[in-house]
Amino acid sequence: MEKSSNATNTSFSPKLHDILLELQSRSMWLIVVESVLLLLINFVAFFGNLLVCLAFYRNPRLRITPNYYIISLAISDLLTSVFCLPYSAGALIAGKWPFDNLICQLQGYSVFAFSIASLHTMALTACNRYIRVIKFHLYPNLYTSKLTILSVLLIWAWALLCSALPFILKISTFAFHPGTVICYSSPSFTPAFIILFTTTLTINIPVPMAAVIILYHKVFRAVRHRRFRVSTERGHGTSLEDIRLAKLLFTVSLGFCLCWGPVMIVECIRFVGLWAVPRQVYLTSTYFGAASSAINVFIYGVMNRAFRNEFIKILCFKKVN
């Protein structure tokens, strides 16, 4: 354990050492099952999101404003499959953190940054659909390609900065958790850490999730409203394609929340440290979080004809028309 001693911290949970021993004493079949499952999810996440990016690059008709948010999510999931999941799979295979402390810091930073970027991108997507469906007279001026790309870049800058603050302020580092097999921020419970953690948690999780719920609720309530249907029939800016796209993007957001719900619950338990949960519960939360990076390509393939057709062309090695 010499190589991974700096990355493994058992001081913040009285049961963590027992979980580490359980990780190290698994049977061979359990090691194979747990590792292969995570590697399979990682494989789907990598090639699925690469497929989404290729489709966007190959087909100019896919480069509409809402799809810039889809690409932002795909890039986040693709980076997760490169900088986060392979190291967790390696830890499952080895039964410990087999990499040095720098890799642990990189993985912990990446998990935090990409999750924040995804959440805020979904909030921007919900806002986009709200303006397009309900405040459609504002849409042409607010959602040009340049302004949309700028908003995405600002969200990424915010996510990268928030994740770097513990390092910049020198109040926390990331440490390997043998239950989740992921490097997480080690709580220090100093006033500076508590203030930063509370502020960051509030801005980056409840706020975007509330925006997604409230704005999509308003969108679908308007869709069902009789006066909205009349205005649509009269050609006042919103088409059935906009409605379908709103449903697609809502499904993506719902899938993300369903996957990350268990992760948030387990993470709160881990952070507070009042209860001990079995290693399998921690690991299951990791599978849920990883699955959020792999499901979107299936959602696009089922619900969006343009993406589905482009996926088929790429997989069949057909040239761009």
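Because the structure is predicted, anything quoted here is derived from the model rather than measured. (Residues numbered from 1 in each chain as written. Predicted model: local features only at pLDDT ≥ 70, side-chain atom pairs only at ≥ 80, totals over all residues. Heavy atoms only, no water.)

## Digging into the packing of aromatic side chains
On inspection of all chains with the given rule, the structure shows 14 aromatic pairs. Ring geometry for Y139 and Y143: centres 5.0 Å apart, planes at 25°, overall stacked. Y143 carries the same exposure label as Y139, and that label is buried. Through successive ring pairs, a cluster of aromatic residues spans Y87, W97, F99 and F176. Over the aromatic face of Y139 sits the side chain of R132, whose NZ or CZ is 5.1 Å from the ring centroid. (Phe/Tyr/Trp six-rings, centres within 6.5 Å; stacked < 30°, edge-to-face > 60°. Buried < 20%, exposed > 50% of the residue type's maximum accessible area, 1.4 Å probe, protein only. Lys NZ or Arg CZ within 6 Å of the ring centre and 35° of its normal.)

## Observations regarding the side chain of T80
Locating T80 in the fold gives a position in helix α3 (residues 65-83). On the basis of relative accessible area, T80 is assigned to the buried category, the value being 13%. A polar atom in the side chain of T80 sits 2.9 Å from the backbone oxygen of S76. (Helix = DSSP H or I, 4+ residues; strand = E, 2+ residues; numbered from the N terminus. Polar contact = N/O pair within 3.5 Å; in protein donor to acceptor, adjacent residues only side chain to side chain.)

## Considerations on the confidence of the model for the protein chain
Should pLDDT be low for a region, the predicted coordinates there are not to be read in detail. Scored by pLDDT, the protein chain has a mean of 85; 87% of the residues are at 70 or more. No element of the protein chain has a lower mean pLDDT than helix α10 (residues 226-233), which averages 49, and none a higher one than helix α4 (residues 85-94), which averages 96. Note that residues 1-6 has pLDDT below 50 and, in this model, 10 contacts with residues that lie over four places away or in other chains. (pLDDT = per-residue confidence, 0-100. Contact = heavy atoms within 4.5 Å.)

## Observations concerning unusual backbone geometry
Excluding glycine, residues mostly carry a negative phi; peptide bonds, for their part, are mostly trans. Positive phi, normally seen in glycine, also occurs at V181, with a value near 50°. Within the secondary structure, V181 sits in the loop between β1 (174-177) and β2 (182-185).

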